[in-house]
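# Architecture at a glance
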Amino acid sequence: MSIAFGNPDRPNSYIGKTVPRPNAEKLVQGRGRYVDDITLPRMVHVAFVRSQLAHARITGIDTEAAKAVKGVLRVFTGPDLAEVCTPWVGVLAHLKGLKSPPQHALAVDRACWVGEPVVAVVATTRAAAEEAATLVEVDYDPLPVVTDTMTALDPDTPLIHPDLGDNLAFQRLHEEGDVDAALADAHRVVSARFRTARHTGVTLEPRSILVDWNPAEGQMTAWHATQAPHMMQTVLATHLDIPESRVRVICGDVGGSYGIKVHVYPDEVATAAIARVMARPVKFIADRLESFTSDIHARDHEIEARIAVAEDGKILAIDVDDWTGIGPYSVYPRTSAIEGNQVVNLCGGPYDFANYRAQTTVVFQNKAPTCQYRAVGHPIAVAITEGLVDMAAAAIGMDPVEIRRRNMYADDAYPVTSPAKMRFEGLSHHASMNKLMEMIDYDALRADQAEARKQGKHRGIGIASFIELTNPSPFMYGIGGARISAQDGCTVRMDPDGSVVALSGVTEQGQGTEAMLSQVVAEGVGVTPDKVRVITGDTQVTPYGGGTWASRGAGIGGEAALQAARALRESILAVAASMLQADAGKLDIRAGQVVDADSGEERMPLEELGRIVYFRGDTLPKDLPRELVQTRHFITMDYPFAFTNGVQASYLEVDTDTGVVTLLKHWCVEDCGRVINPQLVDEQIRGGIVQGLGGALYEEIHYDEDGQLLNGSMADYLVPMAGEMPDMQIGHVETPTGESELGAKGAGEAGTAGAPAAVMNAINDALRPMGAQVTEMPFTPERILRALGKIDD
């Protein structure tokens, strides 16, 4: 039976409705079960001695004092673990030229960044392990340090990895059309230098892992705060030489990830290796201080960019030169080249123009490794594109909304291929802009801005259109040889009491996966969401899948759940038809009841059908299929990615005496395809906006020239606080993808993608009458005052 989503004639349609999170009550009562809540018999704790130098040769390690601490059981060095754990190399075959040296669980002969794990101390308590770690003496021979991205390839810059020949990890140049000719013939060419600051995720729950090795069964079990359990299963099996079928990864409650917990970390692999050596459970919970030096960082980019426009505002060309520093290693297995690669792919995304040139240069440096973090590359690409568009509008005296309308792809133009060769199935830039204009009342806002200026208040309006990459196919990782699944699966079964259990490869990270899946399965089967129990994050139980990343949960995991639920529905109706001596095509399931499809008359509750199938199957025809469990998998096939789009607006005030920015209001219109749960989507967008505002105004990791982290604590590293956040209004346009019946794309990264650019443009709108402009994030009071000429460089 075909289900029309949102059909008002279908009383039990749950798609498009706000349904409470099924795990909310558990979490607010403090009954969540995170990794650190788990205690196993004979469990021990590991603490790591981390390098205090950015680059140094390890010449000696004295562990005697540490071993004498009460409770200490073992101390491991890099060579110790290298005997049981093979190194890894973070490259992908389709990123031509990408290179990186082998990386070990513990540094073997060199430390390459402040925070790299060098020694592991295992004790019966965490306190004992941490105490002993302070007593380990490591002798270092300092080596030259490389910290500056822009000089990393200079001939006189020392090589971090001499065997690689240079400090270049990856470089990609994409050219479409004749950019130089377009620049030469343009009415105006506007150039700018952008910088996005290195920052990190600061997840509420730090990275956590507990690993048990049972030699009697040859079984490894890891309780892991991870976004991708099946990926980690493969990693642990591969590098610890264990059959993949004998590694089980369990991901329970997770306190936020944002991409931080989708990577392979040396200390976590070391924990697993130690568990195998000691044949007992080993727990590692990162503390907040070491998280700043060991969690991946992101967004460390410097960009020179140009835009060429005609007199009528038509974009003729965009030219981008992006440089990014990634630390001393490309992070395994997703690599550290993806962020720069995304900048090339995404710049200019909303606009219909012909000539495009973009290059990313990815270099090694002696800082913490960088890798994928929420909205990978998007905030950078959007800031470049939207910053240039605003500057071009100002240069030719055109309204910033009007110049966008003149250049955005028409909503009826799809499918189209962008100058970056990204294929767009269907977007809604004009409809989204129109909705945004209605929400903010643009003319009234401009009038308010003008009135404020008369009163000496410097307010600005910033607009940022964007595209967001979601639902990635194997073209993201699989094509490059990485065992990272782009498909996902779901098993749905009906139990004897008529309730339904759904097991999904998508993981719950706090974003509402369980609520989304319960709605989709309830819709597909014909029960209420409270009758659906969702189980995620267990490689031994759930179907194989990619997990949670790139806003793929609803679009891929949700579609697999819908298909499995519909298949179960057909199985139930086949049995019901036999029991009721009716035509299955004339029956339906609504609110847990088998009903007459036309009249809605209740014919049989599902629990009665379950009782017969499970306990009195002898009363059913011998040849009647009675499998009340169905599994389906889904993968996108027609497009490499399902792109979404949207537009954000920021209204703010700049104090030109102090440089302080006050956020007054923020809006976002997002087209994420079919909206399954409006409240969840709005929560995701608001949360993403907050992270984007953090990058725009507050977050920046500082290193000195010796590679020492200068602000590695919450006392010095600023994050956005609730009191500083503006009211955020969210609107939606829905353009479902045709790749799936559900039609869902993704929404988890949209807020982060557009917010920094909107804030930048709003600040510059406020400063433009004074001839000032800022393009270096975060836009701190110091940088704003410097742009105004009120303090010297």
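Before going into details, it helps to say that this report is about the structure given with it.

What counts, and at which threshold
Residues numbered from 1 in each chain as written. Predicted model: local features only at pLDDT ≥ 70, side-chain atom pairs only at ≥ 80, totals over all residues. Heavy atoms only, no water. Helix = DSSP H or I, 4+ residues; strand = E, 2+ residues; numbered from the N terminus. Rg over C-alpha atoms; globule rule 2.2 N^0.38 Å. Buried < 20%, exposed > 50% of the residue type's maximum accessible area, 1.4 Å probe, protein only. Contact = heavy atoms within 4.5 Å. Areas by Shrake-Rupley, 256 points an atom, 1.4 Å probe, with all protein chains shown as cover. Lys, Arg positive; Asp, Glu negative; His and termini not counted. Charge placed at Lys NZ, Arg CZ, Asp CG, Glu CD. Salt bridge = Lys/Arg side-chain N within 4 Å of Asp/Glu carboxyl O. 1 Å grid on protein atoms, 1.4 Å probe; cavity = no way out; pocket = protein on both sides within 12 Å on 5 of 7 lines; lining within 4 Å. Points joined across faces, edges and corners; volume = space filled by probe spheres on them. Expected span 1.5 Å × (residues − 1). Arc of directions from axis to C-beta. Pairing = 2+ DSSP bridges. Axes fitted to C-alpha atoms, helices over the stretch in contact; angles between N-to-C directions. Phe/Tyr/Trp six-rings, centres within 6.5 Å; stacked < 30°, edge-to-face > 60°. Core = buried A, V, L, I, M, F, W, Y, C linked by side-chain atoms within 4.5 Å.

### Some details on the overall build of the chain
Helix and strand counts for the chain stand at 19 helices and 30 strands. What you see for the chain is a C-alpha radius of gyration of 28 Å, in line with the 28 Å of a compact globule of 793 residues. Principal-axis analysis of the C-alpha atoms gives the chain an extent of 90 × 75 × 45 Å. Residues counted as buried form 64% of the 793 residues belonging to the chain. Long-range pairs, those at least 24 residues apart, make up 80% of the contacts in the chain with a sequence separation of at least 6. As presented, the chain carries roughly 28,300 Å² of accessible surface, and 48% of it is formed by carbon and sulfur atoms. Separation between the mean location of the 70 positive side-chain charges and that of the 105 negative ones in the chain comes to 4 Å.

### Quick word on the pattern of salt bridges
Scanning the model with the defined rule gives 42 salt bridges in all. With a closest N to O distance of 2.8 Å, R50 and E290 form a salt bridge. Linking R50 in strand β1 (residues 44-50) with E290 in helix α8 (residues 288-294), this pair joins segments that are 240 residues apart in sequence. Given the relative accessible area of 12%, E290 is considered buried. A salt bridge links D300 to R198; its shortest N-O distance comes to 3.2 Å. Pair noted here: D300 is in the loop between β14 (297-298) and β15 (301-309) and R198 is in the loop between β8 (188-196) and β9 (199-200), with a separation of 102 residues, a long-range link. The two residues D300 and R198 agree in class, both being buried. Beyond isolated ion pairs, a larger network of salt bridges with shared partners links R50, R207, D267, E268, E290 and D295.

### Things to note about the layout of surface pockets
A volume near 660 Å³ is recorded for the second largest pocket. Every residue lining the second largest pocket is counted, 29 residues in all, and those nearest its centre are F48, V49, R50, Q52 and E290. For the lining of the second largest pocket, the secondary structure elements donating two or more residues are β1, α4 (126-133), β6 (137-142), β13 (282-285) and α8. Here the element with the most residues in the lining of the second largest pocket is β1; it accounts for six residues.

### A short note on helix α12 (residues 429-440)
When the terminal C-alpha atoms of α12 are compared, their 16 Å separation across 12 residues agrees well with the 16 Å that a helix rising 1.5 Å per residue should span. Those residues of α12 lying buried are H429, S432, M433, L436, M437 and I440. Each buried residue of α12 lies within a common arc of 140° when the element is viewed along its axis, so the set occupies one face. Of the residues flanking the end of α12, it is D441, one or two places downstream, whose phi is positive at about 55°.

### Focus on the sheet that holds strand β29 (residues 661-671)
Spatial strand order, β20-β28-β29-β30: four strands in an open sheet with mixed pairing. Bordering the open sheet on either side are β20 (458-470) and β30 (727-732), each of which pairs with just one other strand. Averaged over all pairs of adjacent strands, the angle between their axes in this sheet comes to 15°, without regard to strand direction. As paired elements, β29 and β30 share six bridges and run parallel to each other. Residue pairing for β30: E670 is matched across the bridge by H732.

### Considering the environment of L135
Inspection of the secondary structure assignment puts L135 in the loop between α4 and β6. In this structure L135 comes out as partly exposed when scored by relative accessible area, which is 34%. Residues L135 and A65, 70 residues apart in the sequence, show an inter-C-alpha distance of 5.9 Å. Apart from residues lying up to four places away in sequence, L135 is in contact with D62, A65, A66 and V69.

### So, the packing of aromatic side chains
Under the defined criterion, the tally for this structure stands at 10 aromatic pairs. Ring centres of F48 and F284 lie 5.1 Å apart, and the angle between their planes is 90°; this geometry places the pair in the edge-to-face category. Of the two residues, F48 sits in strand β1 while F284 sits in strand β13, which places them 236 residues apart along the sequence. The class of F48 is buried, set by a relative accessible area of 9%. The buried category is assigned to F284, whose relative accessible area is 1%. Centre to centre, the rings of Y477 and W549 are 5.4 Å apart; their planes meet at 65°, and the pair counts as edge-to-face. Note that Y477 is positioned in the loop between β20 and β21 (488-494) and W549 in the loop between β23 (532-536) and α15 (553-580), a separation of 72 residues in sequence. Look at Y477 and you get buried, because its relative accessible area is 3%.

### Quick notes on the environment of G754
Mapped onto the fold, G754 is located in helix α18 (residues 750-767). The sequence separation of G754 and H378 amounts to 376 residues, and the corresponding C-alpha distance is 7.8 Å. The contact partners of G754, leaving out residues within four places of it in the chain, are V382, A464, F466 and Q648.

### Structural notes on the side chain of S291
You can see S291 is positioned in helix α8. The contact partners of S291, leaving out residues within four places of it in the chain, are P206 and A286.

### Thoughts on the pairing of β1
Where burial is concerned, most of β1 is hidden: seven out of the seven residues are buried. The alternating pattern of β1 places V44, V46, F48 and R50 and H45, A47 and V49 on opposite faces, both of which are buried. One ladder, built from two bridges, connects β1 with β13; its direction is parallel. Across the sheet, the residue bridging to H45 is K283, located in β13. Both β1 and strand β5 (residues 117-123) contribute to a ladder of six bridges, which runs antiparallel. Directly across from R50, in β5, lies its bridge partner P117.

### Observations concerning the nonpolar core
Counting 156 residues, the largest nonpolar core has I384, L436 and I763 as its most contacted members. When neighbours within four sequence positions are excluded, L436 is seen to be in contact with I463, V647, Q648, A649, W667 and V669. Core analysis: the second largest hydrophobic core is formed by 44 residues, I15, A560, I572 and L606 among them.

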